[in-house]
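Take a look at the letters that make up each chain.
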Number of protein chains: 2
Amino acid sequence: MASPPGIPDIVIGRLPIYLRALTQMLQQGHTITSSHELGQRLGISSAQIRKDLSHFGEFGKQGTGYQVDHLLNQLKGILQVDREWPMVVVGAGDLGRALAHYRGFVARGFRVVGVFDTDPAKVGTVQGENTVRDIDGLEDFIRQNGVRIAMLAVPAEAAQAVADRLIVAGVRAILNYAPITLATPANVHVQYIDPVMHLQRMTYYLD
Amino acid sequence: MASPPGIPDIVIGRLPIYLRALTQMLQQGHTITSSHELGQRLGISSAQIRKDLSHFGEFGKQGTGYQVDHLLNQLKGILQVDREWPMVVVGAGDLGRALAHYRGFVARGFRVVGVFDTDPAKVGTVQGENTVRDIDGLEDFIRQNGVRIAMLAVPAEAAQAVADRLIVAGVRAILNYAPITLATPANVHVQYIDPVMHLQRMTYYLD
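Residues numbered from 1 in each chain as written. Chains lettered and ligands numbered in written order. Predicted model: local features only at pLDDT ≥ 70, side-chain atom pairs only at ≥ 80, totals over all residues.

Chemist: I would appreciate a short explanation of the nonpolar core in the present structure.
Modeler: One recurring pattern in soluble globular proteins is that nonpolar side chains are buried together. Formed by 80 residues in total, the largest nonpolar core has its most connected members in A:Leu152 and B:Leu152. Those residues in contact with A:Leu152 that sit more than four places away from it in its chain are A:Val90, A:Gly91, A:Ala159, A:Val162, A:Ala163, A:Ile174, A:Leu175, A:Asn176, A:Tyr177 and A:Ala178. (Core = buried A, V, L, I, M, F, W, Y, C linked by C-beta atoms within 7 Å. Buried ≥ 20, exposed ≤ 12 C-beta atoms within 10 Å, placed from the backbone. Contact = placed C-beta atoms within 7 Å.)

Printed below as a string of structure tokens:
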């Protein structure tokens, strides 16, 4: 599904939240919902939800609400997760291992197809559906498998160099778990997961 | 350090990013920086950085920039990470294990002091500095150790019940890795880490 240009990134960032909530609703047997009900679940105002969705067209009728499965499928199309994206994990330490074993990817549009590490003791070990590969083969693997997405679970000091290699090979989206800000070209998307940043944001409010 | 009231949450959310960048600068031997240099590193405008920091007072002089260590210590005080917060991890699966072993907490204000699980096969095993405890002892442990912060790494279907127990026992900040939105009282802070949401936010932009 082609999407209208110029939609604020913060709106795009809320669509996965809606998608997750709608998936749960469907699992719980709800077939119809409303921006009010969705807002109650998520702590987001119903006006905000209606405004966000209105960027992409008409999904519900005034007074009758949204068809859960229809809205869900539309959001999957908009976010392009109505397919399965192959991903690589770089770094097979504790975190890389958890990512390789994580069972939540497949139902939501993603599959780990390769796990890489530099450590000879890790190369060849089985992690989930994958056998850890030597990082020497990273670029070839990415090109051969058309991989566009990588998860980076290497130490901070190695992260930039690995990111550079990923990008040269064709990766355009990086989920970076290393606690550093990466320098990347404008056509590469990076998201960061650093648990400490989330914790520090909460301690501000504790008394 | 007491903080001025009414500072937007989005500003608070950027302070850990500044703190992380300043820590790296200090490690790299920088003693002075500017909003311009910080902005270049982070992809944030220098005007935004100056505006964010101005909520908390004067940290630099016009034309001479910021003293890195001074600004760093001020930010630590504002975020209340100039101390060590004890945390519990609930769930000793792959992810809980990665959290228990993560070495990045201590230098940044946090320490895992307890790891809990329901699985008798996991209880008693050693995870990093901790031995996994039976979840039956969760409330007593939280109260006895004055724990205010928990990381939730349990399956989605168990997350709300565990969160309720944590909150009754005194936890006020939850970092939730389970892929569901928790219902919590207004005085409890929740942050979410769901890698799929970050991935879905990026696939929108891939062509």
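There's more to say after this.
Chemist: Can you walk me through the relation of the copies chain B and chain A in this structure?
Modeler: Mapping between the two copies of the chain is achieved by a rotation about an axis and a shift along the axis. Superposing chain B onto chain A takes a rotation of 180° combined with a translation of 0.0 Å along the rotation axis, leaving an RMSD of 0.0 Å. Both copies are brought into coincidence by an operation consistent with a two-fold rotation axis. (Least-squares fit on C-alpha atoms with pLDDT ≥ 70 in both.)

Chemist: Quick question: what am I supposed to make of the environment of A:Asp69 here?
Modeler: Structurally, A:Asp69 can be placed in helix 4 (residues 68-79). When the C-alpha positions of A:Asp69 and A:Arg201 are compared, they lie 35 Å apart, and in sequence the two are 132 residues distant. (Helix = DSSP H or I, 4+ residues; strand = E, 2+ residues; numbered from the N terminus.)

Chemist: Any chance you could explain the domain arrangement of chain A here in plain terms?
Modeler: A common way to report how large an interface is uses the accessible area buried once the components associate. Along its sequence, chain A is carved into domain 1 (9-79) and domain 2 (85-197). Taking only C-alpha atoms, the centre of domain 1 of chain A and the centre of domain 2 of chain A are 31 Å apart. (Domains from an automatic or database assignment.)

Chemist: Help me understand the interface of chain B and chain A, please; the structure alone is not making it clear to me.
Modeler: Between chain B and chain A, the contact holds 48 residues from the first and 48 residues from the second. Of all the elements in the fold, those that place two or more residues in the side of chain B that touches chain A are helix 1 (9-27), helix 2 (35-42), helix 4 (68-79), helix 5 (94-101), strand 10 (173-176), strand 11 (189-192) and helix 8 (195-203) of chain B. Top element by residues in the side of chain B that touches chain A is helix 8 of chain B. It accounts for nine residues. Its residues assigned to classes, the side of chain B that touches chain A shows 28 nonpolar, twelve polar and eight charged. (Nonpolar A, V, L, I, M, F, W, Y, C, P; charged D, E, K, R; others polar.)

Chemist: What am I meant to see in the packing of helix 2 (residues 35-42) of chain A against helix 3 (residues 46-54) of chain A here?
Modeler: For any two helices packed against each other, the geometry comes down to the angle between their axes and how far apart the axes lie. Residues and elements named next belong to chain A. Between helix 2 and helix 3, the shortest axis-to-axis distance is 8 Å and the interhelical angle comes to 115°. As far as their axial angle goes, helix 3 and helix 2 are roughly perpendicular. Judged by the twist between their axes, the crossing of helix 2 over helix 3 is right-handed. Residues Ser 35, His 36, Leu 38 and Gly 39 of helix 2 touch helix 3, and the partners they reach there are Ser 46, Ile 49 and Arg 50. Across the contact of helix 2 with helix 3, the residue classes tally to two nonpolar, four polar and one charged. (Axes fitted to C-alpha atoms, helices over the stretch in contact; angles between N-to-C directions. Parallel < 35°, antiparallel > 145°, perpendicular 65-115°, else oblique. Left-handed = near helix turned anticlockwise from the far one by under 90°.)

Chemist: When you look at the sheet that holds strand 11 (residues 189-192) of chain A in this model, what are you seeing that I'm missing?
Modeler: Two modes of strand pairing occur in sheets, parallel and antiparallel, and in both the strands are linked by backbone hydrogen bonds. All names here are of chain A. One open sheet accounts for six strands, arranged 8-5-4-9-10-11; its pairing is parallel. The outermost strands of the open sheet, each flanked by one partner alone, are strand 8 (133-134) and strand 11. Both strand 4 (residues 85-90) and strand 9 (residues 149-152) contribute to a ladder of four bridges, which runs parallel. Note on strand 9: the bridge partner recorded for Val 88 is Ala 150. The strands touched by helix 5 (residues 94-101) are strand 4, strand 5 (110-117) and strand 9; relative to strand 5, the strand with the most contacts, the crossing angle is about 150°. (Pairing = 2+ DSSP bridges.)

Chemist: Would you mind going over the sheet that holds strand 8 (residues 133-134) of chain B with me for this structure?
Modeler: Residues and elements named next belong to chain B. The parallel open sheet is built from six strands, whose spatial order is 8-5-4-9-10-11. Either end of the sheet is taken by a strand with one partner, and the two such strands are strand 8 and strand 11. Pairing between strand 4 (residues 85-90) and strand 5 (residues 110-117): six bridges, direction parallel. Paired with Pro 86 across the two strands is Arg 111, which belongs to strand 5.

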